[in-house]
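Listed here are the chains, written in short residue letters.
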2 protein chains.
Amino acid sequence: MKAEHINPFIRALVKSFDTMVGCKVRRGEIHLKGAEGTPYEVSGIIGLSGKAVGTVVLALSREVALKAASAMLMFEAEELDDDVIDAVGELANMVAGAAKAELAEFDMSVSLPNVITGRGHVVRFPSNVTPICIPFECQWGPLAVEVGLAPAPDATPAQAAAASS
Amino acid sequence: MKAEHINPFIRALVKSFDTMVGCKVRRGEIHLKGAEGTPYEVSGIIGLSGKAVGTVVLALSREVALKAASAMLMFEAEELDDDVIDAVGELANMVAGAAKAELAEFDMSVSLPNVITGRGHVVRFPSNVTPICIPFECQWGPLAVEVGLAPAPDATPAQAAAASS
């Protein structure tokens, strides 16, 4: 992925946490996501499809998920119940939605947000996709956005080159 | 979801396992998917978007994932390595692709397949979506297809009624 394709996801995460959660985040060092597990117990995941296809994963520690959802819901959430799951899904949806709006050349639409819970779960990407991990810190702990984009099966050569580079 | 929207996913799973894995499956009783965990350690997950949005989850026991991938790869896979992850992702992709082709009225495209691994992980859906679980048995153990569909945010009232009923 080119930097110009990564930056929309960074801006989308920062803005979504600012406006939805009222929380400033600090970005860490961008790196390639490997197959190893992450310390994140909660993953909001949403697909993108159009002239490129992809996935956005919003990975949160349990604490960050609960605190962010509490701020959105305006009550103190203590369990990963339906309300918290919906809040995390909505955050993932907002991040993906804001980023795809900036990536207009791929004319993508978003699918339904799902939320994976469970200690030690790993979200893997196809081996021909190089997903990027963008870690952040907020007042409640660590979070990350993981993004993988690939050419759509019916993309033109120019679109394919743009999505895969 | 209407039966006419569920049947394409059943046919897609049966056909994908038959042609890709060379394995006959036996369908169990269709039920609503709750928030509880499943016995499945491996979940292939892929988004759908168009006039409806949705997610298809191909949930496999570790044994079924390894054996199905082994049949596709033509060697004995013993770990959930990149080859197995790619094979499971490709199966999820085929199931979603075959089903969406039958559901032409929703004009959906598929996103990128991801594969979640980890004992005890749970794939949750937004609370306003009623996901359906279609369990199957094969010679190596249990598997399931979980599907949730919802109206796209910009769907017409008639499309919204079709996707949510």
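This text follows the structure it describes.
**Student:** Residues and numbers for a negative patch on the surface, please.
**Tutor:** Residue and element names in this part refer to chain A. On the surface, Glu-78, Glu-79, Asp-81 and Asp-83 cluster together to form a negatively charged patch. By the element assignment, Asp-81 lies in the loop between helix H2 (62-73) and helix H3 (82-102). What makes Asp-81 partly exposed here is its relative accessible area of 33%.

**Student:** Just give me the short version of the relation of the copies chain B and chain A, but keep the residues and values in it.
**Tutor:** With an RMSD of 0.0 Å, chain B superimposes on chain A once it is rotated by 180 degrees and translated 0.0 Å along the axis. As the rotation angle and translation indicate, the two copies are arranged about a two-fold axis. Proximity to the rotation axis, assessed at the C-alpha, singles out B:Gly47 in chain B; its C-alpha lies 2.5 Å from the axis. A high fraction, 100%, of the interface residues of chain B reappear at the interface in chain A, so the copies pair face to face through one surface.

**Student:** Tell me what's going on with the pattern of salt bridges, and back it up with residues and numbers.
**Tutor:** Residues and elements named next belong to chain B. Overall, the coordinates contain 14 salt bridges over all chains when judged by the stated rule. Among the ionic pairs, Glu-102 bridges to Arg-11, the shortest N-O distance being 2.6 Å. Here Glu-102 is found in helix H3 (residues 82-102), whereas its partner Arg-11 is found in helix H1 (residues 3-21), with 91 residues between them in sequence. When its relative accessible area of 46% is taken as the criterion, Arg-11 is described as partly exposed. The partner of Glu-146 in a salt bridge is Lys-33, with the nearest N and O atoms 3.1 Å apart. Remark: Lys-33 occurs in the loop between strand E2 (31-32) and strand E3 (42-49) and Glu-146 occurs in strand E9 (residues 141-151); sequence separation between them is 113 residues. The exposure classification of Glu-146 matches that of Lys-33, with both residues buried.

**Student:** Outline the side chain of A:Ser70, listing residues and values.
**Tutor:** Residue and element names in this part refer to chain A. Tracing the backbone through its elements, the reader meets Ser-70 in helix H2. Ser-70 sits in the buried class, given a relative accessible area of 9%. From its side chain, Ser-70 meets the backbone oxygen of Phe-75 in a polar contact 3.4 Å long. Not counting chain neighbours up to four residues away, the residues in contact with Ser-70 comprise Phe-75, Glu-76 and Ala-77.

**Student:** Describe the pairing of strand E8 (residues 132-138) of chain B, and please don't skip the residues or the numbers.
**Tutor:** All names here are of chain B. For E8, a buried count of six out of seven residues is recorded, marking the element as mostly surrounded by other parts of the structure. Two strands pair when backbone bridges link them, and strand E1 (residues 26-27) and E8 are joined in this way by two bridges, in the antiparallel orientation. Bridge pairing in E8 links Arg-27 to Phe-136. The sheet contact formed by E2 and E8 spans two bridges and is antiparallel. Bridge assignment links His-31 to a residue of E8, and that residue is Cys-133.

**Student:** I'd like a description of H2(A), backed by residues and values.
**Tutor:** Residues and elements named next belong to chain A. End to end, H2 covers 16 Å across twelve residues, agreeing with the expected 16 Å (1.5 Å per residue, within 8%). Among the residues of H2, those classed as buried are Val-64, Ala-65, Leu-66, Ala-68, Ala-69, Ser-70 and Met-72. Close packing links the buried residues of H2 with helix H1 (3-21), strand E3 (42-49), strand E4 (52-60), H3, strand E8 (132-138) and strand E9 (141-151). A positive phi of about 60 degrees marks Met-74, the residue just after H2.

Analysis parameters
- Residues numbered from 1 in each chain as written.
- Chains lettered and ligands numbered in written order.
- Predicted model: local features only at pLDDT ≥ 70, side-chain atom pairs only at ≥ 80, totals over all residues.
- Heavy atoms only, no water.
- Patch = residues over 30% accessible without salt bridge, like charges linked within 9 Å, V, L, I, M, F, W, Y side chains within 5 Å.
- Areas by Shrake-Rupley, 256 points an atom, 1.4 Å probe, with all protein chains shown as cover.
- Salt bridge = Lys/Arg side-chain N within 4 Å of Asp/Glu carboxyl O.
- Lys, Arg positive; Asp, Glu negative; His and termini not counted.
- Charge placed at Lys NZ, Arg CZ, Asp CG, Glu CD.
- Helix = DSSP H or I, 4+ residues; strand = E, 2+ residues; numbered from the N terminus.
- Buried < 20%, exposed > 50% of the residue type's maximum accessible area, 1.4 Å probe, protein only.
- Least-squares fit on C-alpha atoms with pLDDT ≥ 70 in both.
- Contact = heavy atoms within 4.5 Å.
- Polar contact = N/O pair within 3.5 Å; in protein donor to acceptor, adjacent residues only side chain to side chain.
- Pairing = 2+ DSSP bridges.
- Expected span 1.5 Å × (residues − 1).

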